[in-house]
Amino acid sequence: MSESVDGEARTQIRDLALPLRGLSDLDPLVERLGPMRFACLGEASHGTHDFYRWRAELSRRLIEEKGFTWIGVEGDWPDCWRINRWVRGMTGPDLTASQVLAGFERWPTWMWANSDVADFLDWLRAWNLARPRERRVGFYGLDLYSLWDSLRELIAWLYEHAPAAVEQALQAWQCFVPYREDPHQYAWATRLVPESCEDEVVAALAAVRRRTVVPGLPDDEGAFDAWQNAEVAANAERYYRTMVRGDRMSWNIRDHHMASTAARIAHHLGPEAKGLLWEHNTHIGDARATDMARAGMVNVGQLLRERHARDGVALVGFAAHRGTVLAASGWGEPEVVFDVPAAIPGSHEDLLHRTLGQPACLIFPEDRGGHWLAVPRGHRAIGVVYEPRSETGNYVSTVMGQRYDALIWLEHTSALRPLHHEAPPHEPEYETEPSGL
């Protein structure tokens, strides 16, 4: 890239950058996000303390000052539903957040069972308990990996509230039984012999819908939980069948599910509900501004913009120059603290480092032209699996001004502190994500 383009890009960065030294420096971003129905707050890795800390502090202010009412995270629905009930004061009065988070068992547990999330949840529970039940902030899982857990939760609810539908749900369960709760064994079997449990799961979902999408149910919260568990089971079944074919469209199934789940939560909580979404940059930064689009992939940020622009959608990315990160060397492996090298030359991170050299908050104007906002460059994305020796593969081509509405920039970051060490996974999820994740 020419020196003149580089120089003009650096000028634009300097013009947009606001110092980020303390919580009061978030004031302009809090004002920008305040009117939104959906504020998506990213992370450039799943294992960086500083991303989690600043995201939690920003979320805290948006809850306190701007009336945000729920948080949706890149986690399983059943696990997060238990967190939701705890932070809203419905269960576990003698438990701490760390004890509740110990229930996260699916690899990688460190994504949510870490000290930063525990500190935030302890604060959130205290905040909630000082308010009427109807004004308490919820915590929900947007992901779809919990096929068997969701079926178990669904069947338990049906036994108590809709026994006439239990038989259909048990037919779905029986269809999966031969695969011993291994989604990949099930998926490979359907590839070799094209018989699946799809019909049984869809029938169970239809039965649940008939019994939950009805005004005036005595347990609306439980009915909503059952409905979402049925949606998880249906979409997870499709996801795994698609994944084993080597079809990258499994990514689209997952992100469509997460975006639809966010919309269901918002609808369930009412027209005044305002949601914070915590996910990786690669989910919340608009895919149309990256090379994902050329592969036919979409993501949560894109789908929310397309579907809910009138309601207000804002996408906030995170980036850093160097530091350490908690990740694994392979899928299902134990967590390790890795050194994150300085950004590669010519990347967004390199340009921000050379221009600013200190943390900053950059809020993008309506006009997204210019040699930084409108020019594609590599943007680092570290997933739960990290290979520093192949550093160029950790970058996603990004038009910054189209991908986000704001960016939080950090110079040096440190690794997350997990609440416990990773145990060998019982059912590891295979990596199905784009380059850099």
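Report follows, based on the coordinates. The residue numbers shown here count from 1 along each chain, following its written sequence. Confidence filtering applies because this is a predicted model: local features only for residues at pLDDT of at least 70, side-chain atom pairs given and counted only at 80 or more, and all residues used for totals across whole chains, interfaces and linings. Only hydrogens and water are removed before side-chain values are computed, so all heavy atoms of the structure are retained for them.

## Focus on the side chain of Asn281
Part 1: The way it works is that DSSP assigns letters per residue, a run of H or I at least four long becomes a helix, a run of E at least two long becomes a strand, and they are numbered from the N terminus. Mapping Asn281 onto the fold places it in helix 13 (residues 281-284).
Part 2: If sequence neighbours within four positions are ignored, Asn281 has contacts with Gly42, Glu43, Ala44, Gly317, Phe318, His379, Arg403 and Tyr404. By definition, residues are in contact when any of their heavy atoms lie within 4.5 Å.

## Topic: the pattern of salt bridges
Part 1: One speaks of a salt bridge when a side-chain nitrogen belonging to Lys or Arg is within 4 Å of a carboxyl oxygen belonging to Asp or Glu. Across all of its chains, the model carries 23 salt bridges by this definition.
Part 2: The shortest N-O distance in the salt bridge between Asp143 and Arg254 comes to 2.7 Å. Here Asp143 is found in strand 4 (residues 138-143), whereas its partner Arg254 is found in helix 12 (residues 249-269), with 111 residues between them in sequence. No difference in accessibility class separates Asp143 from Arg254, as the two residues are buried.
Part 3: Taking the shortest distance from any N to any O, the salt bridge between Arg368 and Asp405 comes out at 3.0 Å. With Arg368 in the loop between strand 8 (360-363) and strand 9 (377-380) and Asp405 in the loop between helix 16 (400-403) and strand 11 (406-413), this residue pair connects regions lying 37 residues apart in the sequence.
Part 4: One network of salt bridges, with partners in common, ties together Asp286, Arg288, Arg305, Glu306, Arg368 and Asp405. Exposure classes here rest on a 1.4 Å probe applied to the protein chains alone. A residue is buried below 20% of its type maximum, exposed above 50%, and partly exposed in between.

## Details of the nonpolar core
Soluble globular proteins tend to pack their nonpolar side chains together in the buried interior.
Part 1: We define a nonpolar core as any set of buried Ala, Val, Leu, Ile, Met, Phe, Trp, Tyr and Cys residues linked to one another through side-chain atoms lying within 4.5 Å. If you look at the biggest cluster of nonpolar residues, it comprises 71 residues, and the most contacted ones within it are Trp70, Leu158, Leu277, Leu362, Phe364, Trp372 and Leu407.
Part 2: Per element, the largest residue contribution to this core is twelve residues, and it comes from helix 11 (residues 220-243).

## Considering the packing of aromatic side chains
Two aromatic rings, taken as a pair, are described by how far apart their centres are and by the angle between their planes.
Part 1: In this scheme Phe, Tyr and Trp rings, the latter by its six-membered ring, pair at centre separations within 6.5 Å, and the angle between planes marks the pair as stacked below 30 degrees, edge-to-face above 60, and tilted otherwise. On inspection of all chains with the given rule, the structure shows 19 aromatic pairs.
Part 2: With a centroid separation of 5.8 Å and 75° between ring planes, the pair formed by Trp77 and Phe224 is classed as edge-to-face. Of this pair, Trp77 sits in helix 4 (residues 77-87) while Phe224 sits in helix 11, and the two are 147 residues apart along the sequence.
Part 3: Classification of Trp77 by relative accessible area gives buried; the value is 0%.
Part 4: Centroid distance Trp107 to Trp110: 5.7 Å. Interplanar angle 85°. Geometry classified as edge-to-face. One exposure class covers both Trp107 and Trp110, and it is buried.
Part 5: Aromatic ring contacts, followed pair by pair, group Phe38, Trp70, Trp77, Trp81, Tyr140, Phe224 and Trp227 into a single cluster.
Part 6: Directly above the aromatic system of Tyr52 lies the positively charged group of Arg55, at a separation of 4.9 Å from the ring centroid. To sit over a ring, a charge needs its Lys NZ or Arg CZ within 6 Å of the ring centre and within 35 degrees of the ring normal.

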